[in-house]
Amino acid sequence: MEAIAKAHTNIALIKYWGKRDEALFLPMNSSLSITLDKFYTTTAVQFCSCLKEDVFLLNGQLASEDETLKISHFLDKIRDIAGQKLYAVVNSVNKVPTAAGFASSASGYAALAAAATKAIGLEIDNKTLSQIARQGSGSACRSIFGGYVEWQKGEKTDGTDSFAKPVGNEQEWNLSILSVLVASKQKKVLSREGMKRTVETSPFYAGWLETVEKDLSLARSAINEHDFEKLGDVVEANALKMHATTLGANPPFMYWQSATIDVIEHVQELRSKGIKAYFTIDAGPNVKVICQQKDEQVVRDLLLNVDSVEDVYLCHPGPGVTYLPASTTENGSKLLFNRFHQANCARTISRNL
Ligand code: ADP
Ligand code: DP6
C-alpha cells in the first residue's frame, strides 16, 4: 500500500486570511492563486500493518513530535474515510524553503493528501481530494489543480461546498512570477497562528472582509480578460490589506523585514519607468513579483541587483497534482521504508532510530 505524489506550491493573488471553522479549515473568504512550476513537494506514503505509529520524515530527517502529530491527525481523516486503521511512513521532500512564506504547507499537504488517499486505496476525484487537502492546510486545496485556481469558501457547516477549482488554464495566460528570496529562515508566526490572532483581535479584520469579495471578482475578470494591469493593481492592494490586518492584531506582528520594503520600492520604481511589475507577499518576508514574460529578464536582473536580495527564482504557472511510480527513488522512499519496516517488525518504533 504505497503511493508517491508530487504537488506544486501556489501563490495567492487574492489571499485566504482567516478561518470560520478551525477544525475543518473553512475559510472566512474565497481566494485565488497561481500554482507554480518551480517549487514542489514529493511525498511517499506507505501504510503497513507492522507499524505501531505514524512516522514522518521531512527532508530526510525524522520530524519533531509536534509535526508528526499534525500528520497523524491528518491521516486519521483519511483512515476514517477509508475505514482503515493502518499506520504509515510518510517521507516528504520539499523542493521549496520550509515555513518561509513560500507555501511549503500548500504543496506539502496537497502531495500528502494525494499520496495517502491513493496508498490507502481510495478512488476519488480532484474536487474531493481538494476538500481533503484543505483539512491539512487551507491553501493546499488550491495546489491540487494547476494554473489559476479559485477556492470557493462555501457556506455549509460541514465544508462539503468548500473546495478549489481551476479558473484559467496555465497555457492560456503564461505570466511570470519571480519569487524573491530575502530570508530563508523559518518565520516566527506561522500562517495558522497569524490568521487566528488577526481574526480574534484585529479591528482591521472587518475592513478585510468587507472588501475581499470585490477584490476577488476584479481578479477573476482580469484573468478572463487577460488584463494584466487590472490584475496587478488588485493583487497588490489585496496583499497590502492582508498585511495591514496583522499590524492591528494583539499582540501586533509583521511578516515584513526591511528587505521586503526594499523590494517593494524597487517594484514601484520599475513601474514608474513603464515596466509593468506588481508585488504580493504571503505570510513571510519574501516577495513575489508578477510581470509579463516579455519583461521577466529585465525585472529579474534588477531585483538581483538589490543588496538585500539573496536570490530570485523565475516561475510560471505550473501543473496540478501528479502521481509518480512507486519505484521512484527521488526521496529514497523504498530504502527508508525498508529501514522502518525492519525496525518495527522487531520492536516498537523508537524516536531515536
Ligand atoms: P509556508 O509559507 O512554508 O507554507 P506555513 O507556516 O504556512 O509556511 O506552513 C509551514 C508548515 O507546513 C510547517 O511547519 C509544517 O507543519 C508544514 N509542512 C511544510 N512542508 C510540509 C510537507 N512536505 N509535508 C507536510 N507538512 C509540511
Ligand atoms: C498568507 O494555508 O498555510 O499564504 O490553513 O492554517 O494551514 P492553514 O494556513 P495556510 O495559510 C496561507 C495564508 C497565506 C494566503 C494564501 O495562501 O491564500
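Residues numbered from 1 in each chain as written. Chains lettered and ligands numbered in written order. Predicted model: local features only at pLDDT ≥ 70, side-chain atom pairs only at ≥ 80, totals over all residues. Heavy atoms only, no water.

Section: the nonpolar core
By size, the foremost hydrophobic cluster in this structure holds 74 residues, and its most contacted members are W17, V45, F47, L75, L112 and L231. Top contributing element to this core by residue count: helix 2 (residues 104-119), with nine residues. Not counting residues up to four positions away in its chain, the partners in contact with V45 are M1, E2, A3, A88, V89, V90, L112, A115, A116 and A119. Of all hydrophobic cores here, the second largest spans 22 residues; its members include V267, A277, V289 and V312. (Core = buried A, V, L, I, M, F, W, Y, C linked by side-chain atoms within 4.5 Å. Buried < 20%, exposed > 50% of the residue type's maximum accessible area, 1.4 Å probe, protein only. Helix = DSSP H or I, 4+ residues; strand = E, 2+ residues; numbered from the N terminus. Contact = heavy atoms within 4.5 Å.)

Here we look at the pattern of salt bridges
Tallying each qualifying case throughout the model produces 15 salt bridges. A salt bridge links E200 to K196; its shortest N-O distance comes to 2.8 Å. In this pair, E200 and K196 are both assigned in helix 4 (residues 191-201), four residues apart and thus about one turn of the helix distant. With its nearest N and O atoms 3.2 Å apart, the salt bridge here joins K273 to E269. Look at the salt bridges and you will find they share partners, linking E22, K196 and E200 into a network. (Salt bridge = Lys/Arg side-chain N within 4 Å of Asp/Glu carboxyl O.)

Things to note about the packing of aromatic side chains
Tallied over the entire structure, the rule returns nine aromatic pairs. Ring geometry for F253 against Y255: centres 5.4 Å apart, planes inclined by 85°, an arrangement best described as edge-to-face. Ring pairing ties together the aromatic residues Y148, W173, F228 and Y278, which thus form one cluster. Against the face of Y40 rests K6, its NZ or CZ located 4.2 Å from the ring centre. Positioned above the aromatic ring of F102 is the side chain of K288, whose terminal nitrogen or guanidinium carbon lies 4.8 Å from the ring centre. (Phe/Tyr/Trp six-rings, centres within 6.5 Å; stacked < 30°, edge-to-face > 60°. Lys NZ or Arg CZ within 6 Å of the ring centre and 35° of its normal.)

Quick word on the confidence of the model for the chain
For the chain, the mean per-residue pLDDT works out to 92, and 91% of the residues sit at or above 70. Under a pLDDT of 50 for its full length, residues 346-353 has, in the predicted model, 15 contacts with residues more than four places off or in other chains. (pLDDT = per-residue confidence, 0-100.)

Digging into the site of ligand 1
Among the 21 residues in the neighbourhood of ligand 1, the closest are listed as E67, K70, S92, S104 and S191. One of the backbone N or O atoms of F102 is found 3.4 Å from an oxygen atom in ligand 1. Between ligand 1 and S105 there is a distance of 3.0 Å, counted from an oxygen atom to a side-chain nitrogen or oxygen. Taken by itself ligand 1 offers 570 Å² of open surface, and the protein chains cover 94% of this. When atoms are counted within 2 Å of each cavity's grid points, the one that captures over half of ligand 1 is the largest pocket. Looking at the shell around ligand 1, the elements with two or more residues in it are strand 5 (55-58), helix 1 (65-82), strand 7 (87-95) and helix 2. When residues of the shell around ligand 1 are assigned to their parent elements, the largest contribution, four residues, is made by helix 2. Here the shell around ligand 1 is built from residues that sort into nine nonpolar, nine polar and three charged. (Near = heavy atom within 4 Å. Polar contact = N/O pair within 3.5 Å; in protein donor to acceptor, adjacent residues only side chain to side chain. Areas by Shrake-Rupley, 256 points an atom, 1.4 Å probe, with all protein chains shown as cover. 1 Å grid on protein atoms, 1.4 Å probe; cavity = no way out; pocket = protein on both sides within 12 Å on 5 of 7 lines; lining within 4 Å. Sits in = over half its atoms within 2 Å of the grid points. Nonpolar A, V, L, I, M, F, W, Y, C, P; charged D, E, K, R; others polar.)

Details of the site of ligand 2
As a matter of local geometry, ligand 2 sits amid 17 residues, with Y16, K19, S137, G138 and S139 nearest to it. Contacts to ligand 2 include S137, whose side-chain N or O atom sits 2.6 Å from an oxygen atom. For ligand 2, an oxygen atom lies 2.8 Å from a polar atom in the side chain of R192. Here ligand 2, which alone exposes 460 Å², has 95% of that area covered by the protein. Assessed atom by atom at 2 Å from the grid points, ligand 2 resides in the largest pocket. Among the elements that line the shell around ligand 2, the one with the most residues is helix 4, at three residues.

Section: the sheet that holds strand 13 (residues 311-315)
The strands making up a sheet associate through backbone hydrogen bonding, with each pair oriented either parallel or antiparallel. Pairing within the open sheet is antiparallel, and its four strands lie in the order 11-12-10-13. In this open sheet, the two strands that pair with only one neighbour each are strand 11 (277-280) and strand 13. Strand-to-strand twist of the sheet, defined as the mean angle between neighbouring strand axes without regard to direction, takes the value 25°. Taken together, the four bridges between strand 11 and strand 12 (residues 287-291) define a ladder with antiparallel strand orientation. (Pairing = 2+ DSSP bridges. Axes fitted to C-alpha atoms, helices over the stretch in contact; angles between N-to-C directions.)

Considering the pairing of strand 10 (residues 176-181)
Of all six residues making up strand 10, six are buried, and the element is well covered by its neighbours. In terms of strand pairing, strand 10 meets strand 12 through five bridges, oriented antiparallel. The residue of strand 12 that forms the bridge with L178 is V289. The sheet contact formed by strand 10 and strand 13 spans five bridges and is antiparallel. Bridge pairing in strand 13 places L178 opposite L314.

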